[in-house]
Structures are given as structure tokens and as C-alpha cells.
Amino acid sequence: MAKINFGGVEEEVVTREEFPLEKARETLKDEVIAVIGYGVQGPGQSLNMRDNGFNVIVGQRKGKTYDKAVSDGWVSGETLFEIEEALEKGTIICFLLSDAAQIELWPTVKKYLTPGKSLYFSHGFGVTYKDQTGIVPPTDVDVFLVAPKGSGTSLRRLFVEGKGLNSSFAIYQDATGKAREKAIAMGIGVGSGYLFETDFYKEVTSDLTGERGTLMGAIQGIFAAQYEVLRANGHSPSEAFNETVEELTQSLMPLVAENGMDWMYANCSTTAQRGALDWWKPFRDATKPVFEQLYNSVKAGEQANISITRNSQADYREKLEEELKELRESEMWRAGSAVRSLRPERN
Ligand SMILES: NC(=O)C1=CN([C@@H]2O[C@H](COP(=O)(O)OP(=O)(O)OC[C@H]3O[C@@H](n4cnc5c(N)ncnc54)[C@H](O)[C@@H]3O)[C@@H](O)[C@H]2O)C=CC1
Ligand SMILES: CC(=O)[C@](C)(O)C(=O)O
Ligand SMILES: [Mg+2]
Ligand SMILES: [Mg+2]
């Protein structure tokens, strides 16, 4: 582990220098890594591991997604199987179904978790909320997680570009004495940048907070609020969208990603800097109670409950699609679609 100073706090993390790919390959050379589920994380993780030289197979039920796996180069009967067959062949079972679907498949997965095998997650959800999910792994298997901090789509894209998303890792159960080594090797294998250690509970509570908060929920809320105020005051959709979203994603966030917030500020006008420095604290103070409410709701298990209940309903896909459609068809995001179509590189 490398000791790194994160803003004055020292943390032990795993970097690719001290745990290189060759070591990860060596650690897992006798394992058959079975990626169960080919939704968003499934493709990203399995393709990265395959390209990194690991022994990977995919288990996916027949249908459109199975066909997608075929078009990604997985071969039926060789590296691509129905779920149960993959569960039987795999020694490291990567449980990458949606968290709600994991509940339904768990009794099947459990059957194939014979002593010495490993159970791998990318979320602390199933095990942490075991009272609701029923996911209680047998005691004679290793159980660990690697949670890439981002979409499986980006995990793959960044890998192809020679970059990497950071991931957390955690050990829930070490039956063989090798769980930790295996978890880290998997983290390197899926193409992580650096790896930081957590536990299942902390992973799930931070992740549920982040995605409901700044990463997805809060950002859409803030976009909508500003867009609505601009529109109500007579600004055109072009002006409102550019001033709310397009400038952020195209110009300013890449600068934040590159060198931090002060660097982004420093590349804006002194007028903008004056205003941003005056206004960020009122925005923090206004939203902090909402973040506290959110975190408490996560901690109380309410967010997990909602997720399980809603995503286990027979018509959840249609309901979800309706809500996504509402976003897509809002004026702001329709304006966004028009704005994107005018980007020079699209012509
Ligand atoms: N989506 C992402 O980028 C991220 C996901 N995660 C975690 O990774 C895990 C997998 O998530 P996603 O990739 O989003 O999953 P997903 O929602 O894309 O679903 C994955 C697969 O589940 C299959 N499936 C659904 N219901 C099924 C059932 N009843 N029986 C058999 N197969 C079924 C689908 O065919 C699909 O291939 C979850 O634990 C999630 O929290 C973690 C980080 C990011
Ligand atoms: C992409 C990711 O890490 C999320 C937002 O937590 C998720 O998709 O669950
Ligand atoms: Mg998540
Ligand atoms: Mg996440």
C-alpha cells in the first residue's frame, strides 16, 4: 500500500505501480472469472479484464443483451454462457446484475458457491441490506467488492484511452486467506486508476448518497432551478441552456477535472470569480440540510428499501422509462439535444 497525503489526511491506497498488471495476472492465473450480467458494469469490467489477459467468461440470459455480448466478441459455448453454466464454470463469481435482480437470482448463485470460490460485487448493497435482499453468503467462500467510481461505460472508454476510473475495494469475508490479494488483483484487472479501501457498509452509504446528491440528483435539480429562473425572466432556451449546462460540461468541468476548482476560477474573468466566490457559500448553506436529510435517509435504510421495492415491480422498466422520458422531453433537455446537434464536431 502506498501512503498518500490527501489534503492533510494520510491514506493507504493501492496504485498500479506497486500492484502492476503482471502481479494481478499472476494472482488470478488459476481462476475462471465469471461475469454474471451484461448490463452496464458487466461489459466494462469483462472487456477490460479480457483485454488485460485474464481468464474471463460471461453469463447472461438469452435476449438482446446476450446478442450484444456476442457482438462484443464473446463466443457462445466458449466464453459466453447461460447464467447457470457460467456460475458452474466460474471460480470468481462477479455478481453484476442490477441490485434488485440480485435478490431474485441469489438462490441460484448460492447453489454454485462451493468452498474455495469467491463472490465478487461492485456494490455493498446486497450484503449490507441482507434483511431485505436475503443475500447471506456461505462462510467458506471469499466475499469482496471492487466498486468503480463511475459508469461501466466510462470504465471501458477510459480503459481504451489508456486512462482509468478509481475504484474502492472491500473485504467482507476472507475464507481462504487470499481474499484481499484477489480483490486488489480484480481491481487492477478491471482497469482501475488507484484503489482505496472501504467496507461494504461505507461503500453503499457513500455511493447511494453520491448518486442521489452531487453526481446525479442534485446536479439535475440545480440545473432545473437555474434554467427555470432564466426562462421565467425572458431568456431564450439557447441562452438558458448554454448558461446552465453546455458551458459547464464543455468548458468549465474539464478545467476542474484537470486542475481543481481554483484553476477553473482562475481561467474565468475576475468578474466571474468575484461572483462565484461570493455565492458558493450561500449555495452550500442552502443545500446542506438537503444533503443531511439524504444521508440520514440512506443511513436509515429508506433509500435501499425504495430502490428494492420500486425496482422489483413487474412494470418497473415501463415506469422508469416514463420518468426518463419526462426528463428527456422537458424543454431544457430538448434544448440540450438541439444544442448538441450544433456542436462543430457533429457536422
Ligand atoms: N451501472 C454502473 O455503471 C454501476 C453499477 N454498479 C453496481 O454494479 C452492479 C451491476 O449494475 P449494472 O451494471 O448497472 O446492472 P444492470 O441494471 O445494467 O443489469 C445487469 C444485467 O442484469 C440482467 N438481469 C436483470 N434482471 C435479471 C434477472 N431477473 N435474471 C437474470 N438477469 C437479469 C440484465 O439482463 C443485465 O444484463 C450493481 O450492483 C450496481 O449497483 C456500480 C458502479 C457503477
Ligand atoms: C455510476 C455509479 O457509480 C453509480 C452512479 O453509483 C451507479 O450507477 O450506481
Ligand atoms: Mg451506485
Ligand atoms: Mg457509484
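Residues numbered from 1 in each chain as written. Chains lettered and ligands numbered in written order. Predicted model: local features only at pLDDT ≥ 70, side-chain atom pairs only at ≥ 80, totals over all residues. Heavy atoms only, no water.

Engineer: Give a detailed account of the pattern of salt bridges, specifying residues and quantitative values.
Structural biologist: With the rule as written, the count across this model stands at 21 salt bridges. A salt bridge links Glu-26 to Lys-29; the shortest N-O distance between them is 3.4 Å. A salt bridge links Lys-62 to Glu-82, with the nearest nitrogen and oxygen atoms 3.6 Å apart. Placement of Lys-62 in the loop between β4 (56-59) and α3 (64-71) and of Glu-82 in the loop between β5 (80-81) and α4 (83-89) is noted, with a sequence separation of 20 residues between them. Assessed through its relative accessible area of 35%, Glu-82 is described here as partly exposed. (Salt bridge = Lys/Arg side-chain N within 4 Å of Asp/Glu carboxyl O. Helix = DSSP H or I, 4+ residues; strand = E, 2+ residues; numbered from the N terminus. Buried < 20%, exposed > 50% of the residue type's maximum accessible area, 1.4 Å probe, protein only.)

Engineer: Outline the nonpolar core, supporting the account with residue identities and numerical values.
Structural biologist: Core analysis: the biggest nonpolar cluster contains 34 residues, and Ile-33, Met-49, Trp-74, Cys-94, Tyr-120 and Met-186 have the highest contact counts within it. Examining the composition of this core, we find that six residues originate from one element, helix α9 (residues 179-189), more than from any other. Not counting chain neighbours up to four residues away, the residues in contact with Tyr-120 comprise Gln-45, Ile-92, Ile-93, Cys-94, Phe-95, Leu-96, Phe-144, Val-146, Met-186 and Val-190. Judged by nonpolar contacts, the second largest core, of 25 residues, contains Ile-36, Leu-97, Val-109 and Ile-135. (Core = buried A, V, L, I, M, F, W, Y, C linked by side-chain atoms within 4.5 Å. Contact = heavy atoms within 4.5 Å.)

Engineer: Could you give an account of the site of ligand 1, naming the residues involved and the relevant values?
Structural biologist: Neighbouring ligand 1 are 22 residues; Tyr-38, Gln-41, Gln-60, Asp-99 and Gly-152 lie closest to it. Separating an oxygen atom of ligand 1 from a backbone N or O atom of Val-40 is a distance of 3.1 Å. The contact in question runs from an oxygen atom of ligand 1 to an N or O atom on the side chain of Gln-60, over 2.8 Å. Alone, ligand 1 offers 820 Å² of accessible surface; in the complex the protein occludes 81% of this. (Near = heavy atom within 4 Å. Polar contact = N/O pair within 3.5 Å; in protein donor to acceptor, adjacent residues only side chain to side chain. Areas by Shrake-Rupley, 256 points an atom, 1.4 Å probe, with all protein chains shown as cover.)

Engineer: Describe in detail the coordination of the magnesium ion (ligand 3), supporting the description with residues and values.
Structural biologist: Ligation of the magnesium ion (ligand 3) by protein atoms is provided by Asp-207 (OD) and Glu-211 (OE), these donors lying 2.0 to 2.1 Å from the ion. A spacing of 3.5 Å is found between the magnesium ion (ligand 3) and the magnesium ion (ligand 4), which share Asp-207 as a donor. Taken together, the residues span about one helical turn, with Asp-207 and Glu-211 both in helix α10 (residues 200-212) at a distance of four residues. Here Glu-211 falls in the partly exposed class, since its relative accessible area comes to 26%. (Donors = N, O, S within 2.8 Å, 3.2 Å for Na, K, Ca; no water.)

Engineer: Quick one: what's the story with the UniProt feature "binding site: Mg(2+) 2" (unreviewed entry) in the protein, residue by residue and with numbers?
Structural biologist: Under the UniProt annotation, "binding site: Mg(2+) 2" (unreviewed entry) lies at Asp-207, Glu-243 and Glu-247. Spatially, the listed residues are scattered: they cover 41 residues, and their C-alpha atoms lie as much as 29.0 Å apart. Its place among the elements puts Glu-243 in helix α12 (residues 237-259). Not counting residues up to four positions away in its chain, the partners in contact with Glu-243 are Gln-226 and Leu-230. Secondary-structure assignment places Glu-247 in helix α12. Ignoring anything within four residues of it in the chain, the contact list for Glu-247 reads Asn-242 and Leu-252. (UniProt positions renumbered as here; feature names shortened; annotations may be inferred.)

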